[in-house]
Amino acid sequence: MTSPLSARRLVVKVGSSLLVGTDGRPRQAWLDSLTADLARLRSAGTEVIVVSSGAIALGRPVLGLPAGPLPLEQKQAAAAVGQIRWAAAWAESLGKQDLTAAQILLTLDDTESRRRYLNARSTMAALLAQGAVPVVNENDTVGTTEIRFGDNDRLSARVAVMASAETLVLLSDVDGLYTADPRRDPGARHVPTVQDITPEIEAMAGGVGSAVGTGGMVSKLVAAKIANHAGCSVVLAKGEGLHPLHAIEEGGRCTRFVAKASPHGARKHWIAASLGVTGVITVDEGALQALLQGRSLLPAGVHGVEGKFERGDAVLVRSLDGRDLAKGLIAYDAGDAQRIAGLRSEDIERTLGYRGRDVLIHRDDLVLL
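Since the structure is predicted, the reported quantities are computational estimates derived from the model, not experimental observations. (Residues numbered from 1 in each chain as written. Predicted model: local features only at pLDDT ≥ 70, side-chain atom pairs only at ≥ 80, totals over all residues. Heavy atoms only, no water.)

1. Considering the overall build of the protein
Right, on to step 1. Helix and strand content of the protein: 14 helices and 15 strands.
Right, on to step 2. Over its C-alpha trace the protein gives a radius of gyration of 22 Å, about what one expects of a compact globule, namely 21 Å for 369 residues.
Right, on to step 3. When the backbone C-alpha atoms are referred to their principal axes, the protein occupies close to 70 × 45 × 40 Å.
Right, on to step 4. Every one of the 369 residues in the protein was classed for burial, and the buried ones make up 50%.
Right, on to step 5. On the protein, the mean spot of the 41 positive side-chain charges and the mean spot of the 41 negative ones are 1 Å from each other. (Helix = DSSP H or I, 4+ residues; strand = E, 2+ residues; numbered from the N terminus. Rg over C-alpha atoms; globule rule 2.2 N^0.38 Å. Buried < 20%, exposed > 50% of the residue type's maximum accessible area, 1.4 Å probe, protein only. Lys, Arg positive; Asp, Glu negative; His and termini not counted. Charge placed at Lys NZ, Arg CZ, Asp CG, Glu CD.)

2. A look at the state of the cysteines
Right, on to step 1. In this structure the tally under the stated criterion is zero disulfides.
Right, on to step 2. The thiol of Cys 232 is unpaired, and the distance to the nearest cysteine sulfur, on Cys 254, comes to 14 Å. (Disulfide = S-S within 2.5 Å.)

3. A look at the pairing of strand β1 (residues 9-14)
Right, on to step 1. Taking burial as the measure, the six residues of β1 include six buried ones, the bulk of the element.
Right, on to step 2. Burial of β1 is two-sided: the residues Arg 9, Val 11 and Lys 13 facing one way and the residues Leu 10, Val 12 and Val 14 facing the other way are all buried.
Right, on to step 3. Two elements, β1 and strand β2 (residues 47-52), share six bridges in a ladder whose sense is parallel. In the strand pairing of β2, Leu 10 is matched with Val 48.
Right, on to step 4. In terms of strand pairing, β1 meets strand β5 (residues 167-172) through four bridges, oriented parallel. Looking across to β5, one finds that Val 12 is bridged to Val 169. (Pairing = 2+ DSSP bridges.)

4. What about the sheet that holds strand β9 (residues 233-238)?
Right, on to step 1. Across the sheet, eight strands lie side by side as β3-β4-β2-β1-β5-β9-β10-β8; this open sheet has mixed pairing. What marks the edges here is a single partner per strand, and that holds for β3 (101-106) and β8 (193-194).
Right, on to step 2. Relative to strand β10 (residues 254-257), β8 runs parallel, the two being bridged by two bridges. Paired with Val 194 across the bridge in β10 is Phe 257.
Right, on to step 3. Against the sheet, helix α9 (residues 217-229) contacts β5, β9 and β10, and its axis sits at roughly 155° relative to β9. (Contact = heavy atoms within 4.5 Å. Axes fitted to C-alpha atoms, helices over the stretch in contact; angles between N-to-C directions.)

5. Some points on the nonpolar core
Right, on to step 1. Ranked by size, the top nonpolar core spans 36 residues in total, and within it Ile 49, Leu 106, Met 124, Val 136, Val 159, Leu 168 and Phe 257 carry the most contacts.
Right, on to step 2. Elements with a minimum of two residues in this core: β2, β3, α6 (114-129), α7 (152-162), β5, α9 and β9.
Right, on to step 3. Val 14, Leu 171, Val 235 and Cys 254 belong to the second-largest nonpolar core, a separate cluster that totals 31 residues. (Core = buried A, V, L, I, M, F, W, Y, C linked by side-chain atoms within 4.5 Å.)

6. Observations concerning helix α3 (residues 55-63)
Since the α-helix turns once every 3.6 residues, residues separated by three or four places project in the same direction.
Right, on to step 1. Along α3, the residues that are buried comprise Ala 55, Ile 56, Ala 57, Leu 58 and Gly 59.
Right, on to step 2. Remark: Gly 64 follows α3 within two positions and exhibits a positive phi of approximately 70°.

Written as structure tokens, this is what we have:
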């Protein structure tokens, strides 16, 4: 049987209550066991990204802040102090496995602003290509009540979508979804697989269960919905024991929320069906043949640029005889696209004064019509 963690790219979400002990310090033995699991997955060819909270929990005791809910400014102060300790804990533990940790701090706005979304996506791709492990957290020091994710379950889903991951693992204090809250209902039954998140499934969700974290079953179902819609399967499993990922691979109890499509297919469908176009790129016969062979669109094959668009907007690709050939997300704004039209990729930097992408539209961001 295929492992639930079999994936080209995997995102693992770690909550505060797993990373930080009741003494306000990292659970070092547990963290080392998790990074050993990550290293083993990496050696098997899986790229891994971690989404981890814990900065506030680590900073709270250092500042002598009391237990319980804190005002926003005290949370931000705790995050500022704790983030240093959070990053050090991950860097040290991953370093024991000869893995390089890379810290990425995001806010909700980073995932909704097209330009910032693309920058974050490109940064993650570059880090993975260099063999680093991106470790992501919400930027609590600058977040406000209006723009906060509220919990890292949904943040991890947004990251999984951003990274085009095949699988998202939500490590929790429960071993999956139950028909009712098993802490209150002894007749509650475990649900091993969820094919569709229906209203009946949503009705099974309970409230917040941990005194340290901010998530609950409701937020996990929201995260699963976000990820599944983008072609990413979700595994919800108990994470408190040592080597939690290895336990899942060995058949440990979990709930798998199954995606109906691959991330690549879901992204292509989103580009084709959901985005309106803001410009037109006219290409020559050579570029047309390259697109039909599944290749990216290079500036050299561009004959004309029309419209007003920004980097990341959707544009039509049209032949010289007026046929609409494809739709894709462009890597340059309209002004720069016009300046490099017809040029070889190696001439881009000299023309624009900066080193941009070698392609105008990458094949992963392009759909033939």
